[in-house]
Amino acid sequence: MNFQAVCRFGGHMLQDATTLAQTIQTYARTKQLNRGKELHAQLLRTEYSPCIFLANHLLNMYSKCGEVDYALKVFDKMPQRNLVSWTAMITGFSQNRRFSETLKTFSQMRGAGENPTQFAFASVIRACVFLGSIEIGRQMHSLALKLGLAFELFVGSNLADMYWKFRLMADACKVFEEMPCKDAVSWTSMIDGYAKNGDSEEALLTYKRMVNDGIVIDQYVLCSVLNACSALKACKFGKCLHSTVLKLGLQEEVSVGNALTDMYSKAGDMESASNVFWIDSDGRNIVSCSSLINGFVEMDEIDKAFSLFVDLQRRGVEPNEFTFSSLIKACANQAAPDQGIQLHAQVVKVNFDRDPFVYSVLVDMYGKCGLLDHSIQVFDEIENPTEVAWNSLLSVFALHGLGKEALETFTKMVNRGVKPNAITFVSLLTGCSHAGLVKEGLNYFHSMEKRYGIVPREEHYSCVIDLLGRAGRLKEAEEFINNMPIQPNAFGWCSFLGACRIHGDQERGKLAAEKLMQLEPENIGARVLLSNIYAKEQQWEDVRSVRKKMRDGRMKKLPGYSWVDVGNKSHTFGAEDWSHPLMKEIYEKLDTLLDQIKEAGYVPQTDSIPHEMDESSKEKLLHHHSERIAIAFALISMPAGKQIIVKKNLRVCLDCHSAIKYISKVAGRKIIVRDNNRFHHFADGLCSCGDYW
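Residues numbered from 1 in each chain as written. Predicted model: local features only at pLDDT ≥ 70, side-chain atom pairs only at ≥ 80, totals over all residues. Heavy atoms only, no water.

Novice: How do you make sense of the packing of aromatic side chains when you look at a structure like this?
Specialist: Aromatic ring pairs: the centre-centre distance and the angle between the two ring planes describe each pair. The full count for this structure, using the stated rule, is 21 aromatic pairs. On the basis of an interplanar angle of 55° and a centroid distance of 5.4 Å, the ring pair of Phe119 and Phe154 is categorised as tilted. Pair noted here: Phe119 is in helix H7 (residues 118-131) and Phe154 is in helix H9 (residues 153-165), with a separation of 35 residues, a long-range link. With a centroid separation of 5.0 Å and an interplanar angle of 80°, the aromatic rings of Phe176 and Trp187 are classed as edge-to-face. One end of the pair, Phe176, is in helix H10 (residues 169-178); the other, Trp187, is in helix H11 (residues 184-196), and 11 residues separate them in sequence. Given the relative accessible area of 1%, Trp187 is considered buried. Through pairs of rings, three or more aromatic residues link up here, namely Phe410, Phe425, Tyr444 and Tyr452. (Phe/Tyr/Trp six-rings, centres within 6.5 Å; stacked < 30°, edge-to-face > 60°. Helix = DSSP H or I, 4+ residues; strand = E, 2+ residues; numbered from the N terminus. Buried < 20%, exposed > 50% of the residue type's maximum accessible area, 1.4 Å probe, protein only.)

Take a look at the structure:
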C-alpha cells in the first residue's frame, strides 16, 4: 500500500511506510505508548488498514509497552499474516508472562503452515520453563532438531537454560556441547546452571574453559562464578576473580560488589568482605548488607552483625527477609530471647512474619531460647506451614527432649500432605533418642527408604547409634555399627563412647575411643570420656596414663562455662569462679541452697568426679560448678517468680542435674538449662527429661 501523503502526525507529513515503521520503532523502544496509540489512530482515520509491514511493527510496539491485549486486537484484525506477525505475537505473549497463550499461539502458527523462527522457539521454550512443562519442552527440542534450528545459538542457549532449570544437567550439558558456536550468554547460562544445581566445582571448570576459549568476561559471568565460589567457600579462587574484577574496572558494579561481599563472607574472611563493602558503601544495597550480616553471624561476631543492622536502618536501607532471618538465627545461637522478641516485633511491623523462611527461623529461635510455648504459638499462627517450618518445630521438640510430641507432629505433617526429607528424620530420630523411644525410632529409621524413598545418610546412622546407646543397648549398637553400609562418623563414635561411659562398658568404650581418635586425632573429648570410664571403675593408673598423653600432646580440656541473661546483660561464669562483683553474695546463696536441698533429700553424687580426691573435696567441686553459680546469681538478681534460663557449653553433669531439681523445688522457680545437647526444664523437683538424657 502506498502511504504517500497518507496522514499528518505531530506537525509532519509521514510520507511512506518506512518512515512510519521507524517512528513506531522509536515509540516501542522508548515506551511512548500514548504517542504510539495516537499514530495508530491517525492511520485508522485515513480509512486505510495498515499493511502487514506496519501491523507487525504495531504488534511489537504494543507488546513492548505491556499492552499485549491491544497487540492481540491488531493481530486478530489482520487480513493477512506472515511469519514475522506470528513471531511478534508469540514473543509478545512471552514477554508479558502470558505463557499459556504463548504456547497456544505457537500451535496456531504451526496449524497455519508456518515454520517457527529461532525467536519463536526461544519464547516457547521460556514458556515451558515457567509453566513447569518439560514434556512440551522436549517436544520443542525435537521440532527444533527436525527443522535444523537446535544448533542455532539463540535456540541452543535457551534449550540448555531450560534443561538446567529443570535440574536435568546431563541434557543441558549435551545441548551446550553440541552447539557449534557459543557466546558469553550461553557460557554464563551453563555456569549459572551448574552453580544453582549444586555442582559448583563444575561451574568453576566451565569458567576456566570459557576463559581459555577467549570469550569476553563481563559482570554477569563473574557474578555466577563468584556465587559458585561462595558455595564452595573457595576463597583462593575468589581472590583471583577479584583481581579480574579490578582489571576490568567492574569493582563499582553493584551486582559484582554484592557477589564479592557474599563470597568473602561465606568463606569466613570478614576482613576482606568488610573492605569490599565499605569501598563504596553508598552504592551497596540490602543484598550486600545481608551477606555481611550473615557472615558476622556465622563467625559468631554477633555484636558486629547488630551494629551493621543499626547502621543500615540509620542509612534508610530497608532490611529484607534474609536480613531478619540471619539476625534471628544469631539470637537463637546466643539464646538471646529479648533481642529475638524485638526482632519479631519489627518483622511483624514490616509484614515479613508471613514469609516462610522468617517464620521458620522464629519457631527455631524461640525453641533454642527455651521459650517452647512461644515457638509453638508462632507455628500455630502459620496458615500453610512449609516443609521447613515443620522441620523447625520437630527440631525444637527434639531439642527439648519431647519425643512423643515430635512423633505427633510428624504424623500431622504427613497427614497434611507435606513430604518429609532427610532433615525431618534427623530431628525425629533425635527426639526418639532423647526420650528413650527406641522401638519407635527404629521403626521410623527402617521406614525412611521403604516408605518415603529417603536413603539414610551418616547422620541418620549416628542417630540410631545414639538411640541404642542411650538406652544401654550397647551390644545392639555395636552390631548395628558392624552391619552399617558406611563407617560411623565422629558423632556416631562419640555417641557410642558417651553411652559406654554412662553404662560403664569399659571394653566397648576403649574401642569407640580408638576409632574416634583415628578420625579426629585432635579430639580431646575422646580422651576425656575414656579417662572418665577408667575413673568410674577407679582405675586411677589408667586415668593418669590418659591424662599424661593429653599433657604430652599439649591438649587441654575445654573449660565449662555457664551464662545467664539478667536485664540487658549476659553474665558468664566458670567453675569455682570468683571474678564477679557479686561473688560474695553469690557464694552465700550457694551455701544456703546447699543446706536447703540437702534437707529436702539431695545426696551429692561424688562418683561423677573423675579425680582421685577425698569426698569433701569432691562435694566442694560439685557445689561450685558453673551452672549452679549462674543459678545462684539469677536467684539474687531476678524478680521472684521469673523463670531462669541458663546456658552451658558442656553437657550438664549427673550431680548438677540432681541438684537443680531440688533447687527448683526449694526456690519455687522454674529453671531451664540448655547444655550442648538439649534443654532441661526443671520445676517442682522434677525435670522434663524424666532423668533420661
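After presenting the structure, the write-up continues.
Novice: Please explain the pattern of salt bridges as it appears in this structure.
Specialist: Note on pairing: side chains with opposite charge can pair once their charged atoms come close. Under the definition given, this model contains 23 salt bridges. As a salt-bridge pair, Lys239 and Asp269 come within 4.0 Å of each other at their nearest N and O atoms. Taken as a pair, Lys239 in helix H14 (residues 235-248) and Asp269 in the loop between helix H15 (254-266) and helix H16 (270-279) lie far apart in primary sequence, 30 residues in all. Its relative accessible area of 19% is what places Asp269 among the buried residues. Between Lys266 and Asp262 there is a salt bridge, with the nearest N and O atoms lying 3.2 Å from each other. Placement of both Lys266 and Asp262 in helix H15 is noted, with a separation of four residues, approximately one turn of the helix. Residue Asp262 is classed as buried on the basis of its relative accessible area, which comes to 13%. (Salt bridge = Lys/Arg side-chain N within 4 Å of Asp/Glu carboxyl O.)

Novice: What's the story with empty space enclosed by the protein in this structure? I'm lost.
Specialist: Any space left empty among the atoms is revealed by the rolling of a water-sized probe across them. Tallying each qualifying case throughout the model produces one cavity of 30 Å³ or more. In this structure, the largest cavity occupies an estimated 30 Å³ of space. When the residues that make up the lining of the largest cavity are grouped by side-chain class, the tally is five nonpolar, one polar and one charged. (1 Å grid on protein atoms, 1.4 Å probe; cavity = no way out; pocket = protein on both sides within 12 Å on 5 of 7 lines; lining within 4 Å. Points joined across faces, edges and corners; volume = space filled by probe spheres on them. Nonpolar A, V, L, I, M, F, W, Y, C, P; charged D, E, K, R; others polar.)

Novice: Would you take a moment to explain a negative patch on the surface for this structure?
Specialist: There is a patch of like negative charges on the surface, built from Glu585, Glu588, Asp591, Asp595 and Glu599. For Glu599, the position within the fold is in helix H33 (residues 583-600). Residue classification places Glu599 among the exposed positions, given a relative accessible area of 74%. (Patch = residues over 30% accessible without salt bridge, like charges linked within 9 Å, V, L, I, M, F, W, Y side chains within 5 Å. Areas by Shrake-Rupley, 256 points an atom, 1.4 Å probe, with all protein chains shown as cover. Lys, Arg positive; Asp, Glu negative; His and termini not counted. Charge placed at Lys NZ, Arg CZ, Asp CG, Glu CD.)

Novice: What is the right way to read the packing of helix H5 (residues 83-95) against H7 from this model?
Specialist: Each packed pair of helices is defined by two parameters, the angle between the axes and the distance between the axes. Contact pair H5 / H7: the axes reach a minimum separation of 9 Å and the direction vectors enclose 30°. One finds that H5 runs roughly parallel with respect to H7. In terms of crossing hand, the pair formed by H5 and H7 is left-handed. Contacts from Thr87, Ile90, Thr91, Ser94 and Gln95 in H5 reach Phe119, Ala120, Ser123, Val124 and Arg126 in H7. Of the residues contributing to the contact of H5 with H7, the split by class is four nonpolar, five polar and one charged. (Axes fitted to C-alpha atoms, helices over the stretch in contact; angles between N-to-C directions. Parallel < 35°, antiparallel > 145°, perpendicular 65-115°, else oblique. Left-handed = near helix turned anticlockwise from the far one by under 90°. Contact = heavy atoms within 4.5 Å.)

Novice: It is not clear to me how the state of the cysteines should be interpreted in this structure. Could you clarify?
Specialist: Between two cysteines, a covalent bond joining their sulfur atoms is known as a disulfide. Inspection of every chain in the model, using the stated rule, returns zero disulfides. Cys240 carries a free sulfur, and the closest cysteine sulfur to it, the one in Cys229, is 8.9 Å from it. (Disulfide = S-S within 2.5 Å.)

Novice: I would appreciate a short explanation of the environment of Thr105 in the present structure.
Specialist: Here Thr105 lies in helix H6 (residues 99-111). Here Thr105 falls in the buried class, since its relative accessible area comes to 5%. Residues Thr105 and Val124, 19 residues apart in the sequence, show an inter-C-alpha distance of 9.6 Å. Discounting chain neighbours no more than four positions away, the residues touching Thr105 are Trp86, Met89, Ile90 and Phe93.

Novice: Please clarify how H7 should be interpreted in this entry.
Specialist: If you check H7, its first and last C-alpha atoms are 20 Å apart, about what 14 residues at 1.5 Å a residue would give, namely 20 Å. Listed as buried for H7 are Ala120, Phe121, Ala122, Ser123, Val124, Ile125, Ala127 and Cys128. Here the buried face of H7 lies against H5, H6, helix H8 (134-146) and H9. In the segment just after H7, Gly132 is the residue with positive phi, at about 70°. (Expected span 1.5 Å × (residues − 1).)

Novice: What exactly am I supposed to notice about the environment of Gln118 here?
Specialist: Structurally, Gln118 can be placed in helix H7. Taking the C-alpha atoms as reference, Gln118 lies 25 Å from Asp213; in sequence the two are 95 residues apart. When residues no more than four places from it in sequence are discounted, the contact partners of Gln118 are Leu149, Glu152, Phe154 and Val155.

Novice: Please explain the pairing of strand E7 (residues 679-683) as it appears in this structure.
Specialist: On a regular strand, each side chain points to the face opposite its neighbour's, so the side chains alternate between the two faces of the sheet. Of all five residues in E7, four are buried, a share of seventy percent or more. As judged from the four bridges shared by strand E6 (residues 671-674) and E7, these two strands associate in the antiparallel manner. Pairing of Val673 across the sheet is with His680, part of E7. The antiparallel pairing of E6 with E7 creates a hairpin that spans four residues between the two strands. As defined by bridge partners, E7 adjoins strand E8 (residues 686-687) across two bridges and the pair is classed as antiparallel. For Phe682, the partnering residue across the bridge sits in E8 and is Cys687. Here E7 folds back onto E8, and the loop between the two strands holds two residues, one of which, Asp684, carries a positive phi near 55°. (Pairing = 2+ DSSP bridges.)

Novice: Would you mind going over the nonpolar core with me for this structure?
Specialist: In summary, soluble globular proteins display a tendency toward joint burial of nonpolar side chains. Judged by nonpolar contacts, the single largest core of 180 residues is most densely connected at Met61, Phe106, Tyr207, Ile328 and Phe496. If we skip the residues at most four places from it in the chain, Met61 touches Ile24, Tyr27, Ala28, Leu33, Gly36 and Lys37. Of all hydrophobic cores here, the second largest spans 33 residues; its members include Ala632, Phe633, Ala659 and Cys689. (Core = buried A, V, L, I, M, F, W, Y, C linked by side-chain atoms within 4.5 Å.)

Novice: Sorry, what's going on with the pairing of strand E5 (residues 644-648) here?
Specialist: With five of five residues buried, E5 lies mostly within the body of the structure. Where burial is concerned, the two faces of E5 agree: the one with Ile644, Val646 and Lys648 and the one with Ile645 and Lys647 are both buried. Pairing of strand E3 (residues 561-566) with E5 involves three bridges; the strand directions are antiparallel. Bridge pairing links Ser562 to Lys648 in E5. Pairing analysis gives four bridges linking E5 to E6, with the strands arranged parallel.

Novice: Any chance you could explain the sheet that holds E7 here in plain terms?
Specialist: Adjacent strands of a sheet form backbone hydrogen bonds with each other and so pair up, either parallel or antiparallel. The mixed open sheet is built from six strands, whose spatial order is E4-E3-E5-E6-E7-E8. Sheet topology places strand E4 (569-574) and E8 at the edges, where each strand pairs with a single neighbour. The sheet strands contacting helix H36 (residues 654-667) are E6, E7 and E8, and the helix crosses E7 at an angle near 40°.

Novice: Any chance you could explain unusual backbone geometry here in plain terms?
Specialist: What you tend to see is this: most non-glycine residues have negative phi, and most peptide bonds are trans. Unusually for a residue other than glycine, Lys233 sits at a positive phi of about 55°. Note that Lys233 resides in the loop between helix H13 (219-232) and H14. The backbone of Asn351 sits at a positive phi, close to 65°, despite the residue not being glycine. Within the fold, Asn351 resides in the loop between helix H20 (337-349) and helix H21 (356-368).

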